[in-house]
Amino acid sequence: METDYSHMEFSNNIEIEDSAFQDFERTDVKDMRLEAEAVVNDFLFAVSNMFVSKSLPCSDDVAYINVETRKRNKYCLELSEEGLRVVGYAFDHVDDNIQTPYHETVYSLLDTLSPAYREAFGNALLRRLEALKQDGQS
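Model, not experiment: these values are computed from the prediction.

About the cut-offs
Residues numbered from 1 in each chain as written. Predicted model: local features only at pLDDT ≥ 70, side-chain atom pairs only at ≥ 80, totals over all residues. Heavy atoms only, no water. Buried < 20%, exposed > 50% of the residue type's maximum accessible area, 1.4 Å probe, protein only. Helix = DSSP H or I, 4+ residues; strand = E, 2+ residues; numbered from the N terminus. Pairing = 2+ DSSP bridges. Expected span 1.5 Å × (residues − 1). Arc of directions from axis to C-beta. Polar contact = N/O pair within 3.5 Å; in protein donor to acceptor, adjacent residues only side chain to side chain. Phe/Tyr/Trp six-rings, centres within 6.5 Å; stacked < 30°, edge-to-face > 60°. Lys NZ or Arg CZ within 6 Å of the ring centre and 35° of its normal. Contact = heavy atoms within 4.5 Å.

### Here's the deal with the pairing of strand E2 (residues 62–68)
For E2, the tally of buried residues reaches seven of seven residues, placing the bulk of the element in the interior. Burial of the side chains of E2 extends over both faces: Val-62, Tyr-64, Asn-66 and Glu-68 are buried on one face and Ala-63, Ile-65 and Val-67 on the other. Direction of pairing for strand E1 (residues 49–52) relative to E2: antiparallel, over a ladder of four bridges. Bridge pairing in E2 links Met-50 to Val-67. Strand direction decides the pairing type here: E2 and strand E3 (residues 74–80), joined by seven bridges, are antiparallel. By the bridge assignment for E3, Tyr-64 is matched with Glu-78.

Right, here's the structure in full:
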């Protein structure tokens, strides 16, 4: 009888450890919608319009971002573990025939899509440096 009890106790411990491990694993999974929202918040200053698609499906492994450059070109971007890539040339539109390369960073992608992005980024950097300089002189 004691052997059975020990076995049950051991089984319960394993179950608890397994569920704790599963909870740990879940925290390691990226939610691409959250990643996409962070991208939008960080780069909205450099484009005319940028937002996470509400009509295309988002999941743990993919999200879609709509971008309008300052030159009024519209793109639908796919964000995944592989990086970012253009999947359409209109908001909320995925064209399966488009074969574009993945970019590791948003900087790289926007630099490719919009020459005006480089200027906007440089101007934003300059404003921040000037603000830091003024704060340092106060």
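### Some remarks on the pairing of strand E4 (residues 83–88)
A large share of E4 lies buried, amounting to six of its six residues. In this sheet, E4 lies alongside E3 in antiparallel orientation, the contact comprising five bridges. Residue pairing across strands places Leu-77 opposite Val-86, the latter belonging to E4. Hairpin connection from E3 to E4: two residues lie between these consecutive antiparallel strands.

### Regarding helix H2 (residues 32–43)
Think of an α-helix as 3.6 residues a turn; residues three or four steps apart then line up on the same face. Counted at 1.5 Å a residue, the expected span for H2 with its 12 residues is 16 Å, and the 16 Å between its end C-alpha atoms agrees. Listing the buried residues of H2 in full gives Met-32, Ala-36, Val-39, Val-40 and Phe-43. The arc that holds every buried residue of H2, seen down its axis, measures 100 degrees, which confines them to one face. Away from its buried face, by an angle of more than 90 degrees, H2 presents the exposed residues Leu-34 and Asn-41. Two or three places before Arg-33, at the start of H2, stands the capping residue Asp-31, its side-chain oxygen 3.0 Å from that residue's backbone nitrogen.

### Concerning the packing of aromatic side chains
Within this structure, the stated rule accounts for three aromatic pairs. Measuring from centroid to centroid gives 5.1 Å for Phe-51 and Phe-91, while their planes differ by 85 degrees, and the two rings are edge-to-face. Within this pair, whereas Phe-51 is found in strand E1, its partner Phe-91 is found in the loop between E4 and helix H3 (106–113), the two being separated by 40 residues in sequence. Relative accessible area serves as the criterion here: at 21%, Phe-91 is assigned to the partly exposed category. The ring of Phe-91 has Lys-74 sitting right over it, with the charged end atom 4.8 Å from the ring centre.

### Let's talk about the environment of Glu-68
By secondary structure assignment, the location of Glu-68 is in strand E2. Take Glu-68: its relative accessible area is 13%, and that puts it in the buried class. Each C-alpha atom of the pair Glu-68 and Tyr-89 lies 9.8 Å from the other, and the pair is 21 residues apart in sequence. When near neighbours in sequence (up to four residues on either side) are disregarded, Glu-68 contacts Val-47, Ser-48, Asn-49, Asn-73, Lys-74 and Phe-91.

### Concerning H3
Of all the positions in H3, only Val-106, Leu-109, Leu-110 and Leu-113 are classed as buried. The buried residues of H3 occupy an angular sector of 95 degrees when the element is viewed end-on, so they sit on one face.

Coordinates in, geometry out; function isn't part of it.
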